Amino acid sequence: MPHSKFEKLWEGIKPLHCLKLMDLSYSKSLKKIPDLSKATSLEELNLSYCKSLLELTSSIGNATKLTIFYLRGCLLLKELPSSIGRLINIVKLDLRDTAIEKMPSSFSTWSWLYRLDITGCTNIIDFPDVPDSIVELVLSCTGIEEVPPLIVNLFRLRKLFMYGCKKLKSISPNISKLENLELLALCNRVGNYDQTSRFTTFFRYVYRRRLFHLQYH
């Protein structure tokens, strides 16, 4: 039911055992999603641009077959429930342009996570503790200040985007040990040209023996 005008759908627990896709995207008045305790077959949940959504139900933790989860543009969403840690089959998580401040600690146990996009999550200042299954990591326009040494553990990582991270101060040399990295996109030129120049020099040194697609805008 994309583009609906509902503020909420139904009360109580409904028998949703066969539900595989729920699309409530662009439901701009939606403040609360229904109880998903029985949605044990749900594979894809799209809540993109539900601009009035304040929170997620803790019952979402029962949707353990969920693989694709879109929350892009949920401007008022500040946190994810701890029960989300049980969604260990998530492959793609899109949190672009939300007000989320930090990722839950259980996030690192999602052993199937392939792509995470937190573009525009300016409240996030720490590099996310993602599992080593991650292949595409999009952290553009966040408040992240450091790429830590632990990035060496992300040995499957192929693409790292950090455009517009104006607070980025340091990048661990361990990033040079990521042998599968194909695309590294960095730029914090907005308001800080000197910082961009410094990173350019750094990566020319680190990758002088390797061929990468290093993009600057």
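Our structure is the block above this text.
Residues numbered from 1 in each chain as written. Predicted model: local features only at pLDDT ≥ 70, side-chain atom pairs only at ≥ 80, totals over all residues. Heavy atoms only, no water.

Visitor: How should I be thinking about the overall build of the protein in this particular structure?
Guide: Scanning the protein for helices and strands turns up one helix and 11 strands. A sequence separation of at least 24 residues applies to 35% of the contacts in the protein between residues at least 6 apart. (Helix = DSSP H or I, 4+ residues; strand = E, 2+ residues; numbered from the N terminus. Contact = heavy atoms within 4.5 Å.)

Visitor: Just to check I follow, could you spell out the packing of aromatic side chains for this structure?
Guide: For any two aromatic rings, the description comes down to two numbers: the centre-to-centre distance and the angle of the planes. With the rule as written, the count across this model stands at three aromatic pairs. With a centroid separation of 6.4 Å and 55 degrees between ring planes, the pair formed by Phe161 and Tyr163 is classed as tilted. For Tyr163, a relative accessible area of 19% translates into the label buried. (Phe/Tyr/Trp six-rings, centres within 6.5 Å; stacked < 30°, edge-to-face > 60°. Buried < 20%, exposed > 50% of the residue type's maximum accessible area, 1.4 Å probe, protein only.)

Visitor: Would you mind going over the side chain of Thr119 with me for this structure?
Guide: One can find Thr119 in the loop between β5 (115–117) and β6 (136–138). Separated by 2.7 Å, the side chains of Thr119 and Asp117 make a polar contact. Those residues in contact with Thr119, other than ones at most four positions away along the chain, are Arg96, Asp97, Val138 and Ser140. (Polar contact = N/O pair within 3.5 Å; in protein donor to acceptor, adjacent residues only side chain to side chain.)

Visitor: Where do I start with the pattern of salt bridges in this structure?
Guide: A full pass over the atoms with the stated rule returns six salt bridges. Where Lys8 meets Glu11, a salt bridge forms, and the shortest distance between an N and an O atom there is 2.5 Å. Lys8 sits in the partly exposed class, given a relative accessible area of 46%. Ionic pairing is found between Asp94 and Arg96, a salt bridge with its closest N-O pair at 2.5 Å. One continuous salt-bridge network, built from bridges that share partners, spans Asp94, Arg96, Arg115, Asp117 and Glu136. (Salt bridge = Lys/Arg side-chain N within 4 Å of Asp/Glu carboxyl O.)

Visitor: In this structure, what is going on with the nonpolar core? I would like to understand it.
Guide: Side chains of a nonpolar character, in soluble globular proteins, are inclined to be buried together. Residues Phe69 and Leu116 are the most contacted members of the largest nonpolar core, which totals 55 residues. Elements supplying a minimum of two residues to this core: β8 (159–163) and β10 (183–187). Discounting chain neighbours no more than four positions away, the residues touching Leu116 are Leu93, Leu95, Met103, Phe107, Pro128, Val130, Ile134, Glu136, Leu137 and Val138. Judged by nonpolar contacts, the second largest core, of six residues, contains Val138, Phe161, Tyr163 and Ala185. (Core = buried A, V, L, I, M, F, W, Y, C linked by side-chain atoms within 4.5 Å.)

Visitor: Mind showing me how you'd approach the environment of Tyr49 here?
Guide: Mapped onto the elements of the fold, Tyr49 is located in the loop between β2 (44–46) and β3 (68–70). Distance in space between the C-alpha atoms of Tyr49 and Ser25 is 5.9 Å, their sequence separation being 24 residues.

Visitor: It is not clear to me how the pairing of β10 should be interpreted in this structure. Could you clarify?
Guide: Within a regular strand, side chains alternate between the sheet's two faces. The element β10 is extensively covered by neighbouring structure, given that five of its five residues are classed as buried. Bridge count for β8 against β10 is five bridges, and the pairing is parallel. Bridge pairing in β10 places Leu160 opposite Leu184. (Pairing = 2+ DSSP bridges.)

Visitor: Would you take a moment to explain a nonpolar patch on the surface for this structure?
Guide: Among the surface-exposed residues, Leu54, Leu75 and Leu76 lie close enough to one another that they form a single nonpolar patch of about 280 Å² accessible area. Structurally, the position occupied by Leu75 is in the loop between β3 and β4 (92–94). Classification of Leu75 as partly exposed rests on a relative accessible area of 46%. (Patch = residues over 30% accessible without salt bridge, like charges linked within 9 Å, V, L, I, M, F, W, Y side chains within 5 Å. Areas by Shrake-Rupley, 256 points an atom, 1.4 Å probe, with all protein chains shown as cover.)

Visitor: Could you clarify how one ought to interpret unusual backbone geometry in this entry?
Guide: Note: most peptide bonds trans; most residues except glycine with negative phi. Unlike most non-glycine residues, His3 shows phi in positive territory, near 65 degrees. Within the secondary structure, His3 sits in the segment before β1 (21–23). The class of His3 is exposed, set by a relative accessible area of 57%. Unusually for a residue other than glycine, Tyr49 sits at a positive phi of about 60 degrees.

Visitor: Teacher, can you tell me more about the environment of Asn46 here?
Guide: In this fold, Asn46 is placed in strand β2. Judged by its relative accessible area of 13%, Asn46 falls in the buried class. For the pair Asn46 and Ile68, spaced 22 residues apart in the sequence, the C-alpha separation amounts to 8.0 Å. When near neighbours in sequence (up to four residues on either side) are disregarded, Asn46 contacts Met22, Asp23, Leu24, Ser25 and Tyr70. A distance of 2.8 Å separates a polar atom in the side chain of Asn46 from a polar atom in the side chain of Ser48.

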